[in-house]
Amino acid sequence: MKICFYPGCSFATSAGYRESTEAVCRKLDIELSQIPDWNCCGATVMFGENKLRATALAARHFALVQTMGFEELVTGCNACYATLRKAARLLAADEELFRKTRGVLQNLGLELDRIPKIRHLLEVLVEAMPDSASDKYKTLAVGAYYGCQLTRPDEELDKGEHPQILEHFLSRIGFSVKEHSASTRCCGASHAVIYKNECQELSTRIIREIENKGAQVIATICPLCQFNLDQAQSQNNGPGLPVTYFTQLAGLALGLAPAELGLNKLLISADKVLTRP
Amino acid sequence: MTTRNKPRIGVYICHCGMNIAPKVDVEEVARYCQTMDHVTIARDYKFMCSNPGQDMIINDIKELGLNRVVVASCSPRMHEKTFRNAVRSAGLNPYYFQMANIREQVSWVTKDSREATEKAKSLVAAAVGRVFFHQPLDTRQVTVTKSMLVIGGGIAGMQAALTSANAGYQVYLVEREPSIGGHMAKFDKTFPTLDCAACIMTPKMVDVLQHPGITLYTWSEVEKVEGFIGNFEVTVKKKPRYVDEKKCTGCGTCMQKCPTKKILSEFNEGLSYRTAIYTPFPQAVPNVPVIDATHCRVLGQNKKCGVCAKFCETKAIDFDQKPEFVKIKAGAIITATGFQAVNPTSLEQYGYGRFPEVYTSLEFERLNNATGPTSGKVLMKNGKVPERVAIIHCVGSRDTRHKKYCSRVCCMYSMKFAHLLREKTGAEVWEFYIDIRSPGKLYEEFYNRVQEEGVRFVRGRVAEITDMVEDPGDNGRLTVIAESTLTRRTVRVPVDMVVLSVGLEPARGSEDIGRLLGLSRDGDGWFNELHAKLAPLATPINGIFLAGCCQGPKDIPDTVAQSMGAAGEAIALLAKGIVTTQAEISRIDPDLCSGCKSCIESCTYSAIRFDEARKVAVVNEALCMGCGSCAAACPSSAAGVKHFTDKQVMGEIEALLM
C-alpha cells in the first residue's frame, strides 16, 4: 500500500515519531510517499491572521496531492490534521474562497480541482495493524492520550469528548489499556513556549490523572502533545511516566527493537517499564 | 345549464387584518375578479370570518341572487366550515362554495408584494373556475357507537378513561405494560405540593380496575384500527401473559419461587432485579404477574423448570397461552401514549454509564421511592449517604444538537429533588440551570422555598462531569465543571452524586401508533393537534383525540387537565349520538362499470361491495372516506369522487394556467 504522507514541521525532529512511523510502515508494507516541497500547514495561528492566506497555505498541499495522483492525504500531527481539515471544510462550503484560493495556487503553477480526504496516521494503522499474536505486553498498562484536536470539532473519526479509537487499537495490538478522564484535555499546545508555567500545570494535570488511574506509560498521537507531556516531567517534577508515540507501541507489538523505534529519544526513559520481567 | 341556474358568483377577498392585506393588494385582486366571467360581485373586507364578513356573503346571496361563493382567505382547514355554514344559512347548498388560500400559500410565504398579488389572482381565478362546476351535495347522519378506546394507561389515559366512564360510557383502556400507572407510578413526590405520588395514584389505579364502565386490557397492544368517527373497529392484541387472569389470586408465591432472579427491573430503572415471572411493582394493577418469555427457563431456554406452576395453588400458570385478538367497537379514540426520558449516554461529557454515581432523573426517582431499590433512602452505590449532590438541568433539552425544545418539567422536578435531598440527607445541593422556568400555580413559590432551604443555584450549562481530581482528598468523587454566567467564573464543584435532569421525547412505538391511527407527528415526533390554540385536543382525524405527553411535554397538572378535556371532547361526540358524514365520497356510475372489481381491491376501507345481480360495484356510503383510490384504479372511469370530478378539477387547472 502506498500513502501520500504530509509530515508537518514537527514530525522529523520529534522523539522517535519519524523512526517508529517509518519502521512500522516498512514492516507493514506501507510506502510513505512524502509530499515534495511541503510547507507549514499554518497551524492554528494563520486563520486568525488572514483567511485566504491560511486556506491557500493548506490548500497548496491539496494541489500537490492532486499532482501526485492521490485521493487521500495522511498526516501524523493533530494540529496539521485539524488545520488541513478546516481549510478543506471552508473550501467545500465557500465557492468564492475556492475560486480565490485557486487563483493564488495558479500563480504558483499549481492546479486545484478536488480536495483530498484528510486522514490521521492513526486511522491508517488501525486498518493495517494485525491483531496481537503475543501476550508480551498484556500487563503493560497504557493510558491513551488524544489531545484536543483529533475529534473536535467535527467528530468524524470518533466521538468528540470521549473517543475510544486509540484505546481499542492499543488493546487489540496487545496492550492493557487504563481508562482515564484526561484523554482529550488540552496539553497547552504551542502556548507551552510562551506561558510555560500555566502549560506546565495543564500537562501535569493530565499526567497525574493518567498515573492515578494506574497507567505505566502514555500513548500519544501528536508531536506537540508528546513533547509537552514528556518535558513537563523532565525536571524530576512528575511521576516519570514515559510518553510514547502510538507508532512506537505498534512497533513493539510487531516485535521491532526499541532502538529502531527511537525510544531512546524520550526524555523520560521507557526502558524500565519495557524491560520488566 | 338552465338560465335559472346560470352561475352568479360572489368573490370575497379577506385582508385577514395585517396577515394578507399588506402583502397582497387585495383591492386589486377584487377589481381583477370583478372582470371575470360569471362573477357578479367581488369585494374585499378586513375579516371575512367575522360576523359582519359572513353577513356580507349572506346578504349578497339574498339580494344579488348569488348561487356560487368563493372566499380567498386562509387555509380551508381553518375556516372552510365557517363559510360553508354561512352559505347554507343563506339557503344555498354549502357545496356551492370554494376557498382560495392566499394566506398560508401566498402572503406568509412570498417576499415580493407584486408577485404575491399575482399569485393571489391566479389562485382566486382557479377557485372561480372550479366553483362554476360545483354540484349540490348532501351529507348523511350516522349513529355513533357509545363506547370509546383509550390507548395508554398512564395518568393521562387513566384519567381520560375515568372521566368518560363516570359519564356513563363504556371505555376500553389498552396498556402495553403488565400494569397501568405509567411514569407517574414511579415517582415519589410530585411538585410543587409534594403530594406523595403513590397516595394519589394507586387509588386511581384501583378505581380504573373496579369501574364497571372500564374494560382494562394490560399487556396488550392496539393491532389494527378501521372505520371512522363514531364507528371505529379496533383489534387489540392481548400478548400471552402465561398466567390465567381469572385463576390468579395475586398471592405472589410464583415470584418468590422463580429461580431466575437476576433480570434488571424496568420499573426500578435497572437499579434492582426482578424474577422471570413478575409484576413490575407491588401495587401493580392488575395484580397478576406475567412471564417474561425471553428470560423464563421454560419458555426462553427450553429447560425443565416450571417451579411457578408447581407452587401455584390455583393452577393459573399456562405455558401454552397464545396471543389473543379482541375486536372492539368505539365511537371515539383517545390517544395517551405518553413520553420516554431521553437517554443521556450520547452526551458523553456527562459520563452517564461511565461513572456509577451519575443518575438519570428517573433512576433518582426510584432511589427516592419507598418501594424503590433502597426503600427510599438516598444512598450511593457504596451504601453511603451523599454529602454533596449536583443536579444538572436541561440534559438533552434546549440544545440544537439534541432536543431543541424545553422539557417543561425538568426545572420543577430538579427543585423537587433538591428539596427531598435536603430533607432526607442534609446533603449540600447544587443546581446547575440555564434559566429557571417555573410558570405554574405555586411553582415560583416552590423555587423560592428551595432557595430558602439552602440549595445553591448556579446559572450555567455544565461543560463536563469528570472523575479527575484537583485535590487528592477528593479522590473517588466527581467534579462538575461549569461556567457560572452570573459571576463569569468557571466553577469546579466536587460532588458525591450527580443527577441528570433529562428531557422528554415521544414514547417508543408512538410512530407505529401514529401510523395505525393516521395521525401526523411534528418534527420532534409528538402528535399534531388539529389547531395549536383552538383545537388542542383534537387531531386532523375526526373522532381521535389527544391526552397528555403524546402531544408534547407537560407536567402532571396539565396532563390531567388535558385528559379530562379530551374525555370531554369524546363524551360530546358520544352524547350527541350522531355524526354527519362527509359528502365528498366515491360514486360508481353503474352504466359505466364493467364489473372488473379493481376498485374493490384498491379500497382500504372495505367500502365497496359487488352487486352480483347487476354485476356492478357499489359504494357503501357509510364506510367510504373519499380517498379516491377507486377512482384511480377504475379502468373505465366509472368511479369518481364527488366534489372532485374531472370537470371541477380541470376547470380549476385551466383557470390557474390562463
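Novice: So what about the overall build of chain B? Which residues, and what values?
Specialist: Helices and strands together make up the secondary structure of chain B, namely 17 helices and 34 strands. Projected onto its principal axes, the C-alpha coordinates of chain B cover approximately 95 × 70 × 40 Å. Residue burial in chain B is summarised as follows: out of 658 residues, 46% are buried. A fraction of 70% describes how many contacts in chain B between residues 6 or more apart in sequence connect residues 24 or more apart.

Novice: Provide a residue-level description of the overall build of chain A, including the pertinent values.
Specialist: Secondary structure assignment for chain A yields twelve helices and eight strands. Over its C-alpha atoms chain A spans a radius of gyration of 19 Å, differing by no more than 12% from the 19 Å that the globule rule assigns to 277 residues. The principal-axis extents of the C-alpha atoms in chain A amount to approximately 60 × 40 × 30 Å. The buried share among the 277 residues of chain A stands at 47%.

Novice: Give me unusual backbone geometry: which residues, what numbers.
Specialist: Cis peptide bonds are those with omega within 30 degrees of zero, and the linkage from F191 of chain B to P192 of chain B qualifies with -10°. Secondary-structure assignment places P192 of chain B in the loop between β8 (189–190) and β9 (195–196). Cis geometry is adopted by the peptide bond preceding P286 of chain B, which originates at V285 of chain B and carries an omega value of 0°. Here D37 of chain A, not a glycine, exhibits a phi torsion of approximately 50°, which is positive. Along the chain, D37 of chain A turns up in the loop between β2 (31–34) and α2 (43–49). What makes D37 of chain A exposed here is the crowd of 7 C-beta atoms within 10 Å.

Novice: Please provide a residue-by-residue account of the domain arrangement of chain A, values included.
Specialist: Residues and elements named next belong to chain A. Split into domains, chain A comes out as domain 1 (2–122) and domain 2 (132–274). Of note, the centres of domain 1 and domain 2, computed from C-alpha atoms alone, are 24 Å apart. At the interface, 19 residues of domain 1 touch 28 residues of domain 2. Among the elements of the structure, α1 (17–27) and α4 (78–93) are those that each provide at least two residues to the side of domain 1 that touches domain 2. Per element, the largest residue contribution to the side of domain 1 that touches domain 2 is seven residues, and it comes from α1. A breakdown of the residues in the side of domain 1 that touches domain 2 according to their chemical character gives ten nonpolar, seven polar and two charged.

Novice: How would you sum up the domain arrangement of chain B? Please name residues and give values.
Specialist: Under the domain assignment, chain B is made up of domain 1 (9–136), domain 2 (147–239 + 324–338 + 507–576), domain 3 (240–320), domain 4 (341–505) and domain 5 (586–642). Placing a centre on the C-alpha atoms of domain 1 of chain B and another on those of domain 3 of chain B gives a separation of 65 Å.

Novice: An account of the sheet that holds strand β11 (residues 220–228) of chain B is needed here, citing residue identities and associated values.
Specialist: Residues and elements named next belong to chain B. Reading across the sheet, the three strands line up as β11-β12-β17 and stay open at both edges, with antiparallel pairing between neighbours. The outermost strands of the open sheet, each flanked by one partner alone, are β11 and β17 (324–330). Ignoring which end each strand starts from, the neighbouring axes of this sheet average 20° apart. The pairing of strand β12 (residues 231–238) with β17 spans seven bridges and is classified as antiparallel. Bridge pairing links T235 to K327 in β17.

Novice: Tell me about helix α11 (residues 246–253) of chain A, residues and numbers included.
Specialist: Residue and element names in this part refer to chain A. Counting buried residues along α11, eight of its eight residues qualify, which places the element largely inside the surrounding structure. Taken together, the buried residues of α11 touch α1, α6 (121–128), β5 (141–144), α7 (165–172), β7 (217–220) and β8 (243–245). One or two steps after α11, the chain reaches G255, where phi turns positive at roughly 85°.

Novice: Summarise the sheet that holds strand β29 (residues 544–546) of chain B; cite the residues concerned and give the values.
Specialist: Sheets are built from strands paired through backbone hydrogen bonds, the pairs being either parallel or antiparallel. All names here are of chain B. Strands sit in the order β10-β7-β6-β18-β29 across an open sheet of five strands; the sheet is parallel. Two strands close off the open sheet at either side, each with one partner strand: β10 (214–217) and β29. When the angles between neighbouring strand axes are averaged without regard to direction, this sheet yields 20°. One ladder, built from five bridges, connects strand β6 (residues 147–151) with strand β7 (residues 170–174); its direction is parallel. From the neighbouring strand, L149 faces β7, where its bridge partner is Y172. Sitting on the sheet, helix α14 (residues 556–576) is in contact with β6, β18 (332–335) and β29, with an inclination near 175° to β18.

Novice: Before we move on, could you go through the pairing of strand β22 (residues 428–433) of chain B and cite the residues and values that matter?
Specialist: Residue and element names in this part refer to chain B. Most of β22 is tucked away, with five of its six residues classed as buried. Where strand β21 (residues 388–395) lies against β22, five bridges are found, and the strand directions are parallel. Residue pairing across strands places I391 opposite E431, the latter belonging to β22. Crossover connection from β21 via helix α11 (residues 410–425) to parallel β22: handedness right-handed. The pairing of β22 with strand β23 (residues 456–459) spans four bridges and is classified as parallel. Along β23, the bridge assignment pairs W430 with R456. Regarding the hand of the β-α-β motif, the stretch spanning β22, helix α12 (residues 443–452) and β23 is right-handed.

Novice: Any chance you could break down the environment of S636 of chain B for me, citing the residues and the numbers?
Specialist: Residues and elements named next belong to chain B. Within the element layout of this structure, S636 appears in the loop between α16 (629–633) and β34 (639–641). For S636, a count of 13 C-beta atoms within 10 Å translates into the label partly exposed. Along the primary structure S636 and C596 are separated by 40 residues, whereas in three dimensions their C-alpha atoms are 9.4 Å apart. Apart from the residues lying within four places of it in its own chain, the contact partners of S636 are L592, C593 and S594.

Novice: Mind laying out the nonpolar core, listing which residues take part and the relevant values?
Specialist: Ranked by size, the top nonpolar core spans 113 residues in total, and within it M148, L149, I334 and V498 of chain B carry the most contacts. For M148 of chain B, the residues in contact, after removing those within four places along its chain, are S164, Y169, V171, A330, G331, A332, I333, I334, A570 and L574 of chain B. One finds A63, L140, A182 and L266 of chain A within the second-largest nonpolar core, a separate group that totals 83 residues.

Novice: How would you summarise the environment of K262 of chain B if you had to cite specific residues and measurements?
Specialist: Residues and elements named next belong to chain B. Mapped onto the elements, K262 comes out in the loop between α8 (253–257) and β13 (263–264). By C-beta crowding, K262 is classed as exposed, having 9 other C-beta atoms within 10 Å. Spatially, the C-alpha atoms of K262 and C16 are 64 Å apart, while their sequence positions differ by 246 residues.

Novice: So what's going on with helix α9 (residues 196–212) of chain A? Residues and values would help.
Specialist: Residue and element names in this part refer to chain A. Look at α9: 24 Å from first C-alpha to last across 17 residues, which is about the 24 Å you get at 1.5 Å a residue. Among the residues of α9, those classed as buried are C199, L202, S203, I206, I207, E209 and I210. Seen end-on, α9 carries its buried residues on one side only, within an arc spanning 160°. Turned more than 90 degrees away from the buried face of α9, the exposed residues are N197, E198 and E201. Considering only its buried residues, α9 is in contact with β5, α8 (191–194), β7 and α10 (223–231).

Novice: Explain the environment of R60 of chain A to me, using residue names and the numbers behind them.
Specialist: All names here are of chain A. Inspection of the secondary structure puts R60 in helix α3 (residues 51–68). Taking the number of C-beta atoms within 10 Å as the measure of exposure, R60 has 23 and is therefore buried. Remark: the alpha-carbon pair of R60 and V126, spanning 66 residues in sequence, is separated by 28 Å. Here R60 is in contact with N39, L105 and L110, once residues within four sequence places are set aside.

Reading the values: rules and limits
- Here the residue numbering is sequential within each chain, running from 1 through the sequence in written order.
- Working convention: letters from A go to chains and numbers from 1 go to ligands, in the order in which they are written.
- Residues qualify for local features only when their pLDDT is at least 70, as the model is predicted, and side-chain atom pairs are given and counted only at 80 or more; totals for whole chains, interfaces and linings, by contrast, use all residues.
- Only DSSP runs of H or I with at least four residues qualify as helices, and only runs of E with at least two residues qualify as strands; both kinds are numbered from the N terminus onward.
- Residue burial is a threshold on neighbouring C-beta atoms within 10 Å of the residue's own C-beta, all placed from the backbone, with 20 or more meaning buried, 12 or fewer meaning exposed, and counts in between meaning partly exposed.
- Residues are treated as contacting if the C-beta atoms built from their backbones sit within 7 Å of each other.
- For the radius of gyration, the atoms used are the C-alpha atoms, and the globule rule reads 2.2 Å times the number of residues raised to 0.38.
- Each domain's extent is set by a domain assignment, obtained either automatically or from a database.
- In the scheme used here, Gly and all other residues not listed as nonpolar or charged are polar, with Ala, Val, Leu, Ile, Met, Phe, Trp, Tyr, Cys and Pro taken as nonpolar and Asp, Glu, Lys and Arg as charged.
- DSSP-based pairing: two strands are paired if at least 2 bridges between them are found.
- Only the stretch in contact is used when a helix axis is fitted, and all axes are lines through C-alpha atoms; the angle between N-to-C directions ranges over 0 to 180 degrees.
- We call a crossover right-handed when, viewed with both strands directed away from the observer, the connection leading from the first strand over the helix to the second proceeds clockwise.
- What makes a nonpolar core is a set of buried Ala, Val, Leu, Ile, Met, Phe, Trp, Tyr and Cys residues, with links drawn between C-beta atoms within 7 Å.
- Here, expected helix span is obtained from the residue count minus one, scaled by 1.5 Å.
- Throughout, the arc means that of the directions going from the helix axis to the C-beta atoms.

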